[in-house]
Amino acid sequence: MTASTPPPQIARRLVPGATLRAIAPSCSRAYVMEHDNTQWINERFAGMGLQLQFGEHVDELDDFDSSPIASRLADLHAAFADPGVDGIISVIGGFNANELLPYLDWELIAANPKVFCGYSDFTVLANAIYAKTGLITYVGAHWSSFGMRDHFEPTGWWFRQATHELSWSIEHAAQFTDDLWFMDQDRRTVHDTDGPWVLNPGQAAGRVVGGNLGTLRLLQGGELLPQLAGAFLFLEDDCAADVDEFARSLASLLQMPEASRIRGLALGRFQLESKITRSLLEQVLAKHPMLSAVPVVANLDFGHTSPMFTLPIGGWAALDTTGGSVRLDFAHEPEGLAG
């Protein structure tokens, strides 16, 4: 069973002078502040002309590096209810954002559409809110992500495009990082990338659904998973998922009733620790005949490596692999993909 999604809502675009409130729906800000990188966070948001605020309970810390459900829920609802808040961003990910789902005030959220962004564990909130209210949400950088001193861009630029514009295109990066940068900003390793892997060529456009695969699966079997029919799936997984874990998670999602009607599949870059190679990935995907009928690309710049682009959940994506290159365009409405 999946949701019958209400008509899409596009939140007011962020502009200089807008207020962005950081909340902690998963791990606490106190957990992040073990390594204080706020200097670069503050500089980057100030550079965009955005005013930063924080939820009342972001620094509460329990034995799970998080805070009580009531505290996290209060901050999320307060941010949507406050007319002075233009956008909401997660502090960081974690493992427990799905605990909030039964208690979310859908009417409040629907009545106060705002930019709502984060990634990883945030995937459940981004997709559930879109499915239930029609609000286009974002799987992209956390507040803490902006603390990466070096090798951060174009992550910030892609965040700005998604939250400031109505349509935009992705220029694929030539290098990436996959390290615990927040622990030591002076010793970083930069890797070259061979760019997007075209695993099944073609052209397609559809509504964006997805984010972290292991987290998205938490919505299966309920009304908070967005409709898969007509969707363009964007999926990534973190280093905790080896090829076996990724394979069974993907199989589970593709066994959902509407999955045979997806428009395409786009996979984010796998973390090095996962040891998932192109060869292994091709063998996993070959197990699913339905994927031979849609374009499939992988090794894209989103997920748990850097840089990462921002996905508009409920927005639109168009992929074109013809002409020897991979063109990827996003828009909040399908008309924005024209041309």
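Our subject is the structure that appears above.
What counts, and at which threshold
- Residues numbered from 1 in each chain as written.
- Predicted model: local features only at pLDDT ≥ 70, side-chain atom pairs only at ≥ 80, totals over all residues.
- Heavy atoms only, no water.
- Helix = DSSP H or I, 4+ residues; strand = E, 2+ residues; numbered from the N terminus.
- Rg over C-alpha atoms; globule rule 2.2 N^0.38 Å.
- Buried < 20%, exposed > 50% of the residue type's maximum accessible area, 1.4 Å probe, protein only.
- Phe/Tyr/Trp six-rings, centres within 6.5 Å; stacked < 30°, edge-to-face > 60°.
- Lys NZ or Arg CZ within 6 Å of the ring centre and 35° of its normal.
- Pairing = 2+ DSSP bridges.
- Core = buried A, V, L, I, M, F, W, Y, C linked by side-chain atoms within 4.5 Å.
- Contact = heavy atoms within 4.5 Å.
- Polar contact = N/O pair within 3.5 Å; in protein donor to acceptor, adjacent residues only side chain to side chain.
- Expected span 1.5 Å × (residues − 1).
- Patch = residues over 30% accessible without salt bridge, like charges linked within 9 Å, V, L, I, M, F, W, Y side chains within 5 Å.
- Areas by Shrake-Rupley, 256 points an atom, 1.4 Å probe, with all protein chains shown as cover.
- Salt bridge = Lys/Arg side-chain N within 4 Å of Asp/Glu carboxyl O.
- Axes fitted to C-alpha atoms, helices over the stretch in contact; angles between N-to-C directions.

This paragraph deals with the overall build of the protein chain. Of the regular secondary structure elements, the protein chain holds 9 helices and 16 strands. Computed over its C-alpha atoms, the radius of gyration of the protein chain comes to 19 Å, within 12% of the 20 Å expected for a compact globule of 339 residues. Over its C-alpha atoms, taken along the principal directions, the protein chain stretches across nearly 50 × 45 × 40 Å. For the protein chain, the proportion of its 339 residues judged to be buried stands at 58%.

A word on the packing of aromatic side chains. Applying the stated criterion across every chain, the model contains 15 aromatic pairs. Pairing F232 with F234 gives two aromatic rings, centres 5.2 Å apart and planes at 40 degrees, and the pair type is tilted. Exposure remark for F234: the relative accessible area of 0% places this residue in the buried category. These aromatic residues form a ring-pair network of at least three members: W158, W168, F232, F234, F302, F309 and F330. Against the face of F54 rests R29, its NZ or CZ located 4.2 Å from the ring centre. When the ring centre of F176 is taken as reference, the NZ or CZ atom of R269 above it lies at 4.5 Å.

Below, the discussion takes up the pairing of strand β6 (residues 167–170). Of the two faces of β6, only one is covered, namely that formed by W168 and I170; the face formed by S167 and S169 stays uncovered. Relative to strand β16 (residues 327–331), β6 runs antiparallel, the two sharing 4 bridges. Residue pairing for β16: S169 is matched across the bridge by D329.

On to the pairing of strand β15 (residues 316–320), then. Of all the 5 residues making up β15, 4 are buried; the element is thus mostly covered by neighbouring parts of the structure. By the bridge criterion, 5 bridges tie strand β10 (residues 203–212) to β15 in an arrangement that is antiparallel. When the sheet's bridge partners are listed, A205 is paired in β15 with A318. As paired elements, β15 and β16 share 5 bridges and run antiparallel to each other. Directly across from A318, in β16, lies its bridge partner D329.

Attention now goes to the nonpolar core. Core analysis: the largest hydrophobic core is formed by 102 residues, its most contacted members being F45, F234 and F330. If near-sequence neighbours (up to four positions away) are discounted, F234 is found in contact with V208, V209, G210, G211, A266, F302, L311, A317, L328 and F330.

Here the focus is the side chain of T133. The residue T133 is located in helix α5 (residues 123–133) in this model. Here the side chain of T133 touches I129 through a polar contact of 2.6 Å, landing on its backbone oxygen. A distance of 3.1 Å separates a polar side-chain atom of T133 from the backbone nitrogen of L135. For T133, the residues in contact, after removing those within four places along its chain, are P6, P7, Q9, W106, I109 and A110.

Here helix α8 (residues 243–254) is 12 residues long and its end C-alpha atoms lie 16 Å apart, about the 16 Å a rise of 1.5 Å per residue gives. The buried fraction of α8 amounts to 9 of the 12 residues, a majority that puts the element mostly inside the structure. Along α8, the positions that sit buried rather than exposed are V243, F246, A247, S249, L250, A251, S252, L253 and L254. Along its buried surface, α8 packs onto α7 (213–216), β11 (231–236), β12 (264–268) and α9 (278–286). Two to three positions downstream of the cap, the backbone nitrogen of D244 sits 3.2 Å from a side-chain oxygen, assigning the N-cap of α8 to D242.

This part covers a nonpolar patch on the surface. On the surface, L180, F182 and M183 cluster together into a nonpolar patch covering about 300 Å² of accessible area. For M183, the location among the structural elements is in the loop between β7 (175–177) and β8 (190–192).

In spatial order, the strands read β2-β1-β3-β4-β5-β14; together these 6 strands make up an open sheet with mixed pairing. Each edge of the open sheet is held by one strand with a lone partner, namely β2 (51–54) and β14 (311–313). Pairwise comparison of adjacent strand axes, ignoring direction, gives a mean angle of 25 degrees for this sheet. Bridge count between strand β5 (residues 137–139) and β14: 3 bridges; the pairing is antiparallel. For Y138, the partnering residue across the bridge sits in β14 and is P312. In this fold helix α3 (residues 69–81) packs onto β1 (19–23), β3 (87–90) and β4 (115–118), with an angle of close to 170 degrees to the strand it touches most, β1.

What follows covers the environment of T133. We classify T133 as buried; its relative accessible area is 4%. Between the C-alpha atoms of T133 and L14, which are 119 residues apart in sequence, the distance is 20 Å.

This part covers the sheet that holds β12. With mixed pairing, the 8 strands of this open sheet are ordered in space as β6-β16-β15-β10-β11-β12-β13-β9. The open sheet has two edge strands with one neighbour each: β6 and β9 (197–200). Across the sheet, the mean angle separating the axes of adjacent strands is 30 degrees when strand polarity is ignored. The strands touched by α9 are β9, β12 and β13 (296–300); relative to β9, the strand with the most contacts, the crossing angle is about 25 degrees.

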